[in-house]
2 protein chains.
Amino acid sequence: METTTQPAATPDSAPYESTDRTVPTRARERAAYDRALVHAILDESYVCHLGFVRDGTPVVLPTLFGRVGERLYVHGSTGSRPLRMAGAVPAEETDPGLPVCLTVTHVDGLVLARSAFHHSINYRSVVVHGVARPVTDPEEKRTALDALVDHVVPGRAADSRPANPKELAATAVLYLDLAEVSAKMRTGGPNDEPEDMDLPFWSGVVPLRKGYDPVVPSEDLAPGIEVPDYLIEL
Amino acid sequence: METTTQPAATPDSAPYESTDRTVPTRARERAAYDRALVHAILDESYVCHLGFVRDGTPVVLPTLFGRVGERLYVHGSTGSRPLRMAGAVPAEETDPGLPVCLTVTHVDGLVLARSAFHHSINYRSVVVHGVARPVTDPEEKRTALDALVDHVVPGRAADSRPANPKELAATAVLYLDLAEVSAKMRTGGPNDEPEDMDLPFWSGVVPLRKGYDPVVPSEDLAPGIEVPDYLIEL
């Protein structure tokens, strides 16, 4: 049985160590290993894209996730394929642990160069390589589920009904430690060739804006229940 | 050499055939195989998450993509790993063709239930399984590169300098046909348990809004070049 002891706390100032898998073959100057940057990119994204291998071929699924320090959590039904493959369901004859790649991407802007070749996007991404393993400690499972809810709306876990024993039993949680991690980002304007500068094409950046529309209360919401502050502050 | 003949046109009304890989084990009612829906979800997203297997472990990278009918294109430097692995660089001793999973996800809203367990997000996603292969026909390569630029900003390819021979040679393009494809989506409010209805927690949906901030022209943009209509119409 794998231990689920959390990794020792590492100061935010210590960067992640690069590995062969986290050093890109191209555009190395865009790669970063700064912990605070990685955490910020992860925390700002509602979903990650979780990649794993099934029958020798890749599978990439969007899923919610949570972060507690240097540990990420994903969850799912005990009937879901990646959870079963990771050994989260003891009855399954699978190895404990599922090699995964967890990726998060923000698109920040569209970069329009004078040449088609130099078109790009401004983005921030994080790629995490590792082995996802089931959380077996009940206390850590509760902590993980709170982190998953608070990842969507900070402060929400404490303002909702916690999972009951039946729900806990139906939910499998995997953890993935932030060890082999890199961020990658592009900012700024287009990088046109000097000889293209006089071409008659507009060039620049279209920044993307993210925001929220007014909340839609449930139709059966009891009168008198106000929109909570943590939503107003979003 | 693999042919790069495009697949026969299929009417939008004919859904994608489901396969073992495209029928989810959970929440099957959220799966859809409608071509027009799949196309719309793909076309609205600036990036996809491309998964492939390297040394037996999964890799998931964000990348731009384009669509022409039932064919997707991704591109990259001839030096990039997935492109080399797909056989896009003839000098590499790799098999032509790279098994991939290409996934696109839109997060449309945050779903806050009274119970932590029923928290969710409203989303639309498309998952494409298949084998990516290099585009070898020069005409199709140009078409693909135009599609990649027009995917970011419709109409832009015709209003920029096309790739020159040197740029074309430095760019590898892979194609992936839309054959084994599924969409998945969640809409609507939270699905709370009947016994939770009277709990004193706000419930409902926080819709996410996507938009654009004012464009930022390049600092060296020649005076007199106006913002093009296709950006104003974004």
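Located above this text is the structure these notes cover.
Everything quoted here is computed from the prediction, not taken from an experiment. (Residues numbered from 1 in each chain as written. Chains lettered and ligands numbered in written order. Predicted model: local features only at pLDDT ≥ 70, side-chain atom pairs only at ≥ 80, totals over all residues. Heavy atoms only, no water.)

Time to look at the packing of aromatic side chains. Per the stated rule, a full pass over the model turns up zero aromatic pairs over all chains. Taking the ring centre of Y16(A) as reference, the NZ or CZ of R35(A) above it sits at 4.2 Å. Just above the ring of Y175(B) sits the side chain of R71(B); from NZ or CZ to the centre is 3.9 Å. (Phe/Tyr/Trp six-rings, centres within 6.5 Å; stacked < 30°, edge-to-face > 60°. Lys NZ or Arg CZ within 6 Å of the ring centre and 35° of its normal.)

So, about the relation of the copies chain A and chain B. By a simple turn and slide, chain A fits onto chain B: the slide is 0.0 Å along the axis, the RMSD is 0.0 Å, and the turn is 180°. On this basis, the relationship between the two copies can be described by a two-fold rotation axis. No C-alpha of chain A approaches the rotation axis more nearly than that of K210(A), which lies at 2.6 Å. Taken as a fraction of all interface residues of chain A, those also at the interface in chain B reach 99%, which identifies the copy contact as same-surface. (Least-squares fit on C-alpha atoms with pLDDT ≥ 70 in both. Contact = heavy atoms within 4.5 Å.)

For the rest of this paragraph, the subject is unusual backbone geometry. The backbone of D55(A) sits at a positive phi, close to 55°, despite the residue not being glycine. Take D55(A): it is sitting in the loop between β2 (47-54) and β3 (57-64). (Helix = DSSP H or I, 4+ residues; strand = E, 2+ residues; numbered from the N terminus.)

What follows is about the pairing of strand β10 (residues 204-212) of chain A. In the sheet, strand β6 (residues 98-112) of chain A pairs with β10(A) via four bridges, with the strands oriented antiparallel. Across the sheet, the residue bridging to G109(A) is P207(A), located in β10(A). Looking at chain direction, β10(A) and strand β11 (residues 216-217) of chain B are connected through two bridges and run antiparallel. Its bridge partner being in β11(B), G204(A) is matched across the sheet by P217(B). (Pairing = 2+ DSSP bridges.)

Let's shift gears to the interface of chain A and chain B. In many analyses, interface size is given as the accessible surface area lost on bringing the parts together. Between chain A and chain B, the contact holds 87 residues from the first and 86 residues from the second. The salt bridge involving D196(B) is made with R161(A); its shortest N-O contact spans 2.8 Å. The interface formed by chain A and chain B holds 33 residue pairs in polar contact (both at pLDDT 80 or more) in total. Element by element, the count of residues in the side of chain A that touches chain B is highest for β10(A), at nine residues. Of the residues belonging to the side of chain A that touches chain B, the class tally is 49 nonpolar, 20 polar and 18 charged. Here β10(A) pairs with strand β10 (residues 204-212) of chain B via five bridges, running antiparallel. Looking across to β10(B), one finds that L208(A) is bridged to Y212(B). (Salt bridge = Lys/Arg side-chain N within 4 Å of Asp/Glu carboxyl O. Polar contact = N/O pair within 3.5 Å; in protein donor to acceptor, adjacent residues only side chain to side chain. Nonpolar A, V, L, I, M, F, W, Y, C, P; charged D, E, K, R; others polar.)

Here we come to the pattern of salt bridges. Residues and elements named next belong to chain B. Tallying each qualifying case throughout the model produces 26 salt bridges over all chains. A salt bridge links R67 to D43, with the shortest nitrogen-to-oxygen separation between them at 2.8 Å. A residue pair is termed long-range when its members are at least 10 positions apart, and R67 in strand β4 (residues 66-68) and D43 in helix α1 (residues 35-44) qualify at 24 residues. Residue class for R67 comes out partly exposed when judged on its relative accessible area of 22%. Judged by its relative accessible area of 35%, D43 falls in the partly exposed class. (Buried < 20%, exposed > 50% of the residue type's maximum accessible area, 1.4 Å probe, protein only.)

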